[in-house]
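Given next are the chains, with one letter for each unit.
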Amino acid sequence: MFTMALDEVMEMAARRGFFWQGFRDVYSDAPAGLWVYGPLGVKMKNKVIELWREKIVRREEGVELDSTCISPGSVFEASGHTKHFNDKLVECLKCHRRHRADMLLEEQAGLTGLEGLSEEELYKLIVEKMVKCPYCGSSEFSEVRRFNLMFEMRIGATGKDIAYLRPETTQSSVVEIRRLQQIARNKLPLVICQVGKAFRNEISPRHGLIRTREFNMAEVQIFFDPEYPDYDNKFESVRKYRLRFLPAYAREAGEVVEMTCEEALEEGYTINKLVTYWLALYQKLMTEDYGFPLEKVRYYELNEHERAHYARAHWDLQIYSEDLGWVEVVNNAYRTDHDVIGHSRLSGRELKLYSEKRKQSIVPHMYEPSIGIDRLILHLLLLNYRREGERVVEKLPRRLAPIDVAVFPLVNKPELIKAASEIYGTLLEDFEAFYDESGSIGRRYRRMDEIGTPVCVTVDYQTLEDKTVTLRDRDTMAQVRVHVDELKTAIKRFIAGEPLEKLGTPMG
RNA sequence: GCGGCCGUCGUCUAGCCUGGUCUAGGACAUCGGCCUCCCGAGCCGGUGACCCGGGUUCGAAUCCCGGCGGCCGCACCA
């Protein structure tokens with residue numbers, strides 16, 4: 001399924017230092033699904049997260065939390081993950097389809113109450129009851145294997161206390177809601193934001209950064225009063241905004257159904273103003289800020305059978321590429337009060353939030369948009385990758401490029417090197433700047449094009465005469481001259497989106 | 001996890017069938033130098049690989065087995 005562009009992007013990412021498969025250079029038996037970010041990848045990842053903070057956390061007045069990856073076992077008892085993550089499976093040896101052992105026994109032998117049985121006991125029953133594969137009819141099965149998508153670990157010396165590496169940051173937000181609401185002085189809706197690692201023991205990690213065993217998420221949990229979601233004003237700002245859905249009913253046709261937020265809400269499709277607003281917010285984030293073309297973004301509705309155990313409504317925000325097709329990049333789930341109730345029940349602690357409107361504490365509902373950072377970064381590199389003849393350009397949104405600006409002496413003469421180095425030193429104060437004097441000027445430009453550096457500064461002989469330098473636009477290769485004193489301002493304006501021509505006098 | 005195909009410098013590859021002239025060759029990239037007044041130019045030089053382990057053999061990149069990884073399909077993706 002790897003086509004040219006993805007292949008080239010993956011190769012470039014490893015060669016230039018965005019990301020690569022971890023540990024493999026030294027240990028050939030390193031397991032799949034563990035990816036490391038290199039120097040450029042770290043810079044880009046930070047910028048991707050910072051943009052999310054600016055557009056979502058800050059503007060929606062979110063409170064940011066940084067919890068631990070190691071989580072006590074009870075947390076996932078309460079959330080239902082241990083139950084839903086611990087399937088005991090058998091594989092049909094003839095057609096290689098997998099089935100849940102308890103389901104087969106229930107359906108074919110009428111047995112119930114199988115939850116407590118061990119793998120061995122289940123296998124014995126399958127043989128005894130002559131269970132058949134529902135697909136091919138064979139009655140030869142592999143032994144029962146426990147399939148656990150969570151990484152399990154033991155805490156302390158006794159090894160008695162089970163803990164898990166979290167498969168989502170969500171639960172660590174949910175258990176802290178009371179304190180967080182207090183810190184936020186009884187704010188409701190309460191918007192909790194968390195960036196962090198999550199872990200899933202995938203059976204077969206594939207497609208590079210798409211399915212990994214350890215990954216980065218940027219999640220928002222909005223806790224609200226289901227009776228009074230309280231989003232009237234915010235909703236007004238998106239009332240006429242057009243959302244792009246692939247509703248479950250339209251899936252056969254495969255045609256995106258566009259509707260305004262107003263229409264989506266009136267049809268009851270998007271449940272309430274709060275959910276509708278956040279759907280609009282994230283569609284805008286992905287298209288206007290991360291820069292994906294509108295036609296390559298859609299909300300794919302998951303039907304009743306596909307949804308997770310906690311969700312009442314669920315749309316995957318997907319991004320389209322030739323190479324990977326539609327891929328989920330943001331998971332948007334209306335989780336109701338499922339998680340809050342779960343933790344209350346198991347812990348015996350009341351997990352309620354105070355509602356000013358009702359003058360009492362209420363059990364909040366929760367809506368959660370959750371970004372897969374690694375998938376987002378891969379798609380940014382993939383969809384902005386351009387090969388123009390021999391020239392390779394990453395046309396990343398300017399503010400997401402790992403390097404803001406590069407500085408070169410036109411040729412390697414001592415006086416030009418001196419002037420360029422000085423300018424580089426100044427730019428380092430405000431930018432991710434990069435200096436290079438190797439090879440020819442053309443080669444240096446091309447290297448910067450490949451990693452998406454939006455603008456290059458070149459110091460030439462004229463610089464020595466009148467203190468002007470040239471600014472070169474990655475996308476057009478056009479150049480303007482700018483006075484050194486104006487340089488920082490010009491670069492800032494350029495990264496903020498102004499066209500190059502407005503920043504200086506064109507070069508012939 | 002199952003099945004098919006595959007695994008040589010960073011990348012693409014020569015060599016493998018027919019074991020020894022392979023201290024593994026080339027191109028591009030990369031690094032250093034020279035040159036260069038604006039787009040991977042040229043010249044010189046350098047770093048750099050047989051996925052890992054075991055077996056057969058006097059001798060293994062080459063033959064055999066196992067592991068790991070990659071691609072594709074199935075399954076999985078709460």
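Everything below is about the structure shown above.
Now for a quick tour of the structure.

## Looking at the sheet that holds strand S12 (residues 242-246)
Logical step 1: If you walk across this open sheet you meet the nine strands as S3-S10-S11-S19-S16-S15-S14-S12-S13, and the pairing is mixed. At either end of the open sheet lies a strand with only one pairing partner, and these are strand S3 (63-64) and strand S13 (257-260).
Logical step 2: Judged from the nine bridges that link them, strand S15 (residues 313-321) and strand S16 (residues 325-336) form a sheet pairing that is antiparallel. By the bridge assignment, tyrosine 320 is partnered in S16 with tryptophan 326.
Logical step 3: On top of the sheet, helix H2 (residues 39-58) reaches S3, strand S10 (190-199), strand S11 (214-224) and strand S19 (365-372); it is set at about 160° to S10, its chief contact.

## Digging into unusual backbone geometry
Logical step 1: Cis peptide bonds are those with omega within 30 degrees of zero, and the linkage from leucine 188 to proline 189 qualifies with 0°.
Logical step 2: Relative to the elements of secondary structure, proline 189 occurs in the loop between helix H8 (177-183) and S10.
Logical step 3: You will see that asparagine 186, though not glycine, has its phi angle at about 60°, which is positive.
Logical step 4: Among the structural elements, asparagine 186 can be located in the loop between H8 and S10.

## Remarks on the environment of proline 72
Logical step 1: Within the secondary structure, proline 72 sits in strand S4 (residues 70-72).
Logical step 2: Accessibility expressed as a relative area gives 49% for proline 72, which makes it partly exposed.
Logical step 3: A sequence separation of 353 residues divides proline 72 from glycine 425, and the C-alpha atoms of the two residues are 48 Å apart.
Logical step 4: Apart from the residues within four sequence positions on either side, proline 72 is in contact with Ile162 and Ala163.

## Digging into the environment of arginine 447
Logical step 1: Tracing the backbone shows arginine 447 in helix H15 (residues 441-450).
Logical step 2: Under the relative-accessibility criterion, arginine 447 is labelled partly exposed at 23%.
Logical step 3: Along the primary structure arginine 447 and valine 392 are separated by 55 residues, whereas in three dimensions their C-alpha atoms are 8.7 Å apart.
Logical step 4: Ignoring sequence-local partners within four residues, the contact set of arginine 447 consists of Arg16, Asp436 and Ser438.

## Focus: the sheet that holds strand S8 (residues 152-155)
Logical step 1: The strand order S4-S9-S8 describes an open sheet built from three strands, whose pairing is antiparallel. Each end of this open sheet is capped by a strand with a single partner; those strands are S4 and S8. Each neighbouring strand pair of the sheet contributes to a mean axis angle of 45°, computed without reference to strand direction.
Logical step 2: Across four bridges, S8 lies against strand S9 (residues 161-165) in antiparallel orientation. In the strand pairing of S9, arginine 154 is matched with isoleucine 162.

Cut-offs and rules
- Position numbers for residues start from 1 in each chain and track the written sequence from start to end.
- Here chains are named by letter from A upward and ligands by number from 1 upward, in the order in which they appear as written.
- Thresholds applied to this predicted model are a pLDDT of at least 70 for local features of residues and 80 or more for the giving and counting of side-chain atom pairs; totals over whole chains, interfaces and linings are not thresholded and use all residues.
- Calculation of side-chain values draws on the structure's entire complement of heavy atoms; hydrogens and water are dropped beforehand.
- For two strands to count as paired, DSSP must find a minimum of two bridges between them.
- We count a stretch as a helix when DSSP gives it H or I for four or more residues in a row; a strand needs E for two or more, and each element gets its number in order from the N terminus.
- Whether two residues are in contact is decided by their heavy atoms, any of which lying within 4.5 Å being enough.
- In this analysis, axes come from line fits to C-alpha atoms, helices being fitted only over the stretch in contact, and the angle between any two N-to-C directions falls in the range 0 to 180 degrees.
- Burial classes: relative accessible area under 20% of the type maximum marks a residue as buried, over 50% as exposed, and values in between as partly exposed (1.4 Å probe, protein chains only).

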